[in-house]
Amino acid sequence: MRKNRSAARRLRTPVFLILIAALLMPQFLAGCRNPLAEAPTPSETAAPTSVPTEPSQPTQPVAIETEPAVSTVPPDGNPDDVTVLGSYTVSDNEAIVAAHEIVASIGENQLTNADLQIFYWMAVNTYRDAAHELEPDFSQPLDAQTCPLSESPMTWQQYFLQQALDTWHSLQSLVSMSENYNSPTEEAYKPDKKKHEENLKEEIYNLDVLYGYNSKYKIADDHQAYLDELPTMLDQLAKERGFDSLSSLVKELAGPGTSTDYMLHYAELLNKGYMFATTLSYYIEPSEKDITAYFHAHEDAYTQAGITKDSGKYVNIRQILVVPKNGTKAADGTVTYSDSEWNTCQSAANSLLGKWKRNATEANFAELAFANSADTGSNGSGGLYSGIRQGQLTGEMDQWCFDPARKTGDTAVFKTASGYHILYFSGSTDIWYDQAQKDLKASLLCAQMESAREAYPMTVNYSAVHLALAQGDSLPIRVDEILFPDIAHQRFPSAPLYFQQDYPDTMYGKYPLRTYGCGVTTMAMLTSYMTDEEWTPPEMCALYGKYCSDSGTAHTMFSEVPTDRGFYLIEKTQSYDTVQKALEDGYMVVTLQRYGFWTRGGHYLLLHNLIETKDGLKLQVRDSNLFNYKKLEGHITGYFDLETIAPNARLYWIYQKKVVRIDSCARCGQPTEESVVPSAMFNTGYLCPKCVTATNRRDAYLNFCFGIEL
């Protein structure tokens, strides 16, 4: 049902083939994050923004001068080619003197030798750390060894130099593109400029989350917080690696002619590029037809990698875990249960299964799992475990899930040391399809990143390159260690704001969205927030128009649609005291308001947050009616009095807290003492869907920018 908003459609080599391609196409650069070498630095100055400020030159260089080796590849004299010079190695003193000479430019952004030292030695040491089959003798000068990866004669030094330059090109072009990027909007979005000017005369407090209004790319708050912490984080990493400071690490990594400022600049570019690539990835949604075509286009390569249409399936299941009560706890913390306690547990499991059979739908099973499952690793998601491979589950559960006769809707009960597991078979995905989908998404993301390189070309003055010798022979910091970890990813850390009136031609059932659509628009805001996927009002109208009647949106939407989208209603109530307590505890609430403060008829609102002000507790609201923003002061100040809600409320719906981390996920899980994660269920670690998406995005980014295969 989702739209494919990706402008780039060019297909590229599947991600799992990148290493093979790297051997055949030297222009697809290998390189990673890895410090090396040692470096007497010019000085420590304020962190750079675009180009680091020039540090003062020391009166005497600290490093030992070293004579350059005789290159195995004679210089060709072509100023536009990395082989213009046979060797780029200079003495320590020359490196320090040339530190701020400009080597490359992209528009107004410039790369100096001080920057290049970091990029170059990170590329060298990353390659060394990966232990490739083809590699130079790292104990000998790189400019005296021919690189076999290149089609034309080239030294290993020239190869890594080109890698370093191309990596900077990739990162800087992404950052440059982000400064001029406008997020795409769907065709149905047609805001009336005059209505906006009339009703948004002053800046409303939540303008930054209004769909389409601020389409300019903006670094997310959690991303900015990570960037702000980079100096502290890098210094801590340096100390963990045995250095007394980041400055010492940089000297070990990159030799003379650079400083910590340039290491920080490197880390900032790396992360800003990734953060923008993350935004690009949101709009890549290939269709089933696209994915199938992609597989067929690369079928020979997939076959060579052992992936065919007969490679099997991944399965999705839902689970309700019922655990025994009481038990006897031993000194080592283990708990044993009596036969009677186990029998009671089994009876409870069978009772829940019987209850489900009276309404044998997946939605009902998910609601029962949310309300009854003891498994904190899945109950918040309706008991869902997706993308399980054969052999990942233990014993009989694995055999049952991967039985060729298994079909959607099948159920079974299994006993493990964790308790009784009621399993619901939710479906399966062919392995070939799953892999092609991941690879196509990565390919389309790479194509968009490539468009940034094309839009922001790089010019290089190879003759200006001066590379000092680094002295380290280890990898003190890897690139993936300083990349934003993207754990507990939230595309929508707060609910977006949609206006009904911005969709004048969209129909909601038999009626215009702009007049009858406060309910479905409110549900779009809530669903986008809870799922971290963009569900706009027109998309929700297309799916749920049946809930619209002559009198507006049916109340049942607010209990049925969440289950369909993977989150759950906790309580429907008329008690404001119950609602206020829920809001104080961080829950989201929808309310239906009748004639009064908010509306002349009936109006749905999303109660977003309670905040403490100097005047007491106040309420933040997501209101889909554009016209309210002219007449209600709270939309300007950022909060409303609690008394504006309770007197005219007909109903409230309280929803679960947003699931950000999954206890059972090997990557993002943070189990507490209260958590119940059925370890007896899995033979190997499980990754939740958000972490699968994040790792695939990270790998595509690192492969494109650095040629790194994790």
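The structure under discussion appears in the preceding block.
So, a few notes on the structure that sits alongside this text. The structure presented is a predicted model; accordingly, all values stated were derived computationally and were not measured. (Residues numbered from 1 in each chain as written. Predicted model: local features only at pLDDT ≥ 70, side-chain atom pairs only at ≥ 80, totals over all residues. Heavy atoms only, no water.)

1. Focus on the packing of aromatic side chains
With the rule as written, the count across this model stands at 39 aromatic pairs. Aromatic side chains W400 and F414 sit 6.0 Å apart centroid to centroid with 65° between the ring planes, which places their arrangement in the edge-to-face category. Within this pair, whereas W400 is found in helix α13 (residues 395-401), its partner F414 is found in strand β7 (residues 411-416), the two being separated by 14 residues in sequence. Between W400 and F425, the aromatic rings sit 6.4 Å apart at their centres with planes inclined by 85°, giving edge-to-face as the arrangement. Here W400, found in helix α13, pairs with F425, found in strand β8 (residues 419-430); they are 25 residues apart in sequence, far enough to count as distant. Owing to a relative accessible area of 12%, W400 belongs among the buried residues under this scheme. Taken together through their ring pairs, the aromatic side chains of Y127, W156, Y159 and F160 make up a single cluster. Over the face of the ring belonging to W432 we find K309, whose NZ or CZ atom lies 4.7 Å from the ring centre. The cationic tip of R491 hangs over the ring face of Y283; the distance from NZ or CZ to the ring centre is 5.3 Å. (Phe/Tyr/Trp six-rings, centres within 6.5 Å; stacked < 30°, edge-to-face > 60°. Helix = DSSP H or I, 4+ residues; strand = E, 2+ residues; numbered from the N terminus. Buried < 20%, exposed > 50% of the residue type's maximum accessible area, 1.4 Å probe, protein only. Lys NZ or Arg CZ within 6 Å of the ring centre and 35° of its normal.)

2. Here's the deal with the sheet that holds strand β3 (residues 313-322)
As summarised here, the arrangement of the four strands in space is β6-β3-β8-β7, forming an open sheet in which the pairing is antiparallel. Looking at the sheet topology across the chains shown, the edges are occupied by β6 (384-388) and β7. For this sheet the average axis-to-axis angle between neighbouring strands, irrespective of direction, equals 35°. For β7 and β8, the ladder comprises six bridges, and the chain directions are antiparallel. By the bridge assignment for β8, K415 is matched with Y420. (Pairing = 2+ DSSP bridges. Axes fitted to C-alpha atoms, helices over the stretch in contact; angles between N-to-C directions.)

3. Points about the side chain of Q392
By the element assignment, Q392 lies in the loop between β6 and α13. Note on Q392: relative accessible area 2%, which makes it buried. There is a polar contact of 2.7 Å between the side chain of Q392 and the backbone oxygen of G685. (Polar contact = N/O pair within 3.5 Å; in protein donor to acceptor, adjacent residues only side chain to side chain.)

4. Examining unusual backbone geometry
Located in the positive-phi region is D486, a residue other than glycine, with phi close to 55°. Examined against the element boundaries, D486 turns out to sit in the loop between β9 (459-460) and β10 (507-508). Of note, D532 is a non-glycine position whose phi angle comes to about 60°, a positive value. The topology assignment puts D532 in the loop between α16 (518-531) and α17 (537-544). Assessed through its relative accessible area of 9%, D532 is described here as buried.

5. Observations regarding α17
Of all eight residues that make up α17, six are buried, and the element is covered over most of its length. Among all positions in α17, only P537, P538, E539, M540, C541 and Y544 are buried. At its buried positions, α17 is contacted by β10, α15 (513-516), α16 and α18 (557-565). (Contact = heavy atoms within 4.5 Å.)

Fair warning: the whole summary comes from geometry, so function is off the table for now.
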